[in-house]
Amino acid sequence: MSVGEVDGIRPDGFDFGNSPFELSRADLEGKVLVQRTSAGTVGVSAATKAERIFAGSLVTAGATARAILRGAPDLVTIVAMGDGGRVRTDEDELCALYIRNLLQGRAPSRDAVRSMVLSGEQSQKYGDPRLPD
């Protein structure tokens, strides 16, 4: 199944957009998902010298941090890709800090992060009916 977005819009022929909420309501049991995003795919493609790559988000931050820690790496580089890999965004910067705190054994406040994300510029697009994905 295909999941993704191009400039916030689900591409033609894709099964799902890039909405965690949409996916939370889907029956994905036993299915393989292939995801494409405007920023994440750019970041993963650019990390040509990385030994391991984890694509994370606020929704998967805890699982991502646990997976990284299981490998006991000497160095972890966290890259917040922002909007299309071109412009920094509040939620991606906060996600990077959230994952960093988890990796360093701190328990960041989910409520504080949620509040900051909701007040950021990028979160305003989620009420835009032209960008349902």
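Above this text sits the structure in question.
Computed from a predicted structure; not experimentally measured. (Residues numbered from 1 in each chain as written. Predicted model: local features only at pLDDT ≥ 70, side-chain atom pairs only at ≥ 80, totals over all residues. Heavy atoms only, no water.)

A.B. asks: Summarise the overall build of the protein chain; cite the residues concerned and give the values.
C.D. replies: Of regular secondary structure, the protein chain possesses five helices and two strands. For the protein chain, the α and β elements follow one another from N to C terminus as β-α-β-α-α-α-α. By the compact-globule yardstick of 14 Å for 133 residues, the protein chain fits well, its C-alpha radius of gyration being 15 Å. Looking at the protein chain as a whole, 27% of its 133 residues qualify as buried. Looking at the protein chain alone, contacts between residues at least 24 apart form 49% of all its contacts between residues at least 6 apart. Just so you have it, the protein chain exposes about 9,400 Å², and 52% of that area is on carbon and sulfur atoms. (Helix = DSSP H or I, 4+ residues; strand = E, 2+ residues; numbered from the N terminus. Rg over C-alpha atoms; globule rule 2.2 N^0.38 Å. Buried < 20%, exposed > 50% of the residue type's maximum accessible area, 1.4 Å probe, protein only. Contact = heavy atoms within 4.5 Å. Areas by Shrake-Rupley, 256 points an atom, 1.4 Å probe, with all protein chains shown as cover.)

A.B. asks: How would you summarise the pattern of salt bridges if you had to cite specific residues and measurements?
C.D. replies: Applying the stated rule across the entire model yields one salt bridge. Residue Glu93 is joined to Arg88 by a salt bridge in which the shortest nitrogen-to-oxygen separation is 3.1 Å. You can call Arg88 exposed: its relative accessible area is 67%. (Salt bridge = Lys/Arg side-chain N within 4 Å of Asp/Glu carboxyl O.)

A.B. asks: Please provide a residue-by-residue account of the side chain of Thr89, values included.
C.D. replies: Inspection of the secondary structure puts Thr89 in the loop between helix H3 (61-70) and helix H4 (90-103). In this view, Thr89 contacts Gly82, Asp83 and Gln122; residues no more than four positions away in its chain are not counted.

A.B. asks: Account for the environment of Pro108, naming residues and giving values.
C.D. replies: Tracing the chain through its elements places Pro108 in the loop between H4 and helix H5 (110-119). Sequence separation between Pro108 and Met81 is 27 residues, and the spatial gap between their C-alpha atoms is 21 Å. Discounting residues that sit within four places of it in the chain, Pro108 has contacts with Tyr98, Asn101 and Leu102.

A.B. asks: Let's hear about unusual backbone geometry: which residues, and what values?
C.D. replies: Although it is not a glycine, Ala72 sits at a positive phi angle of roughly 45 degrees. Assignment of secondary structure puts Ala72 in the loop between H3 and H4. By relative accessible area, which is 58% here, Ala72 ends up exposed.

Purely geometric stuff here, so don't read any function into it on its own.
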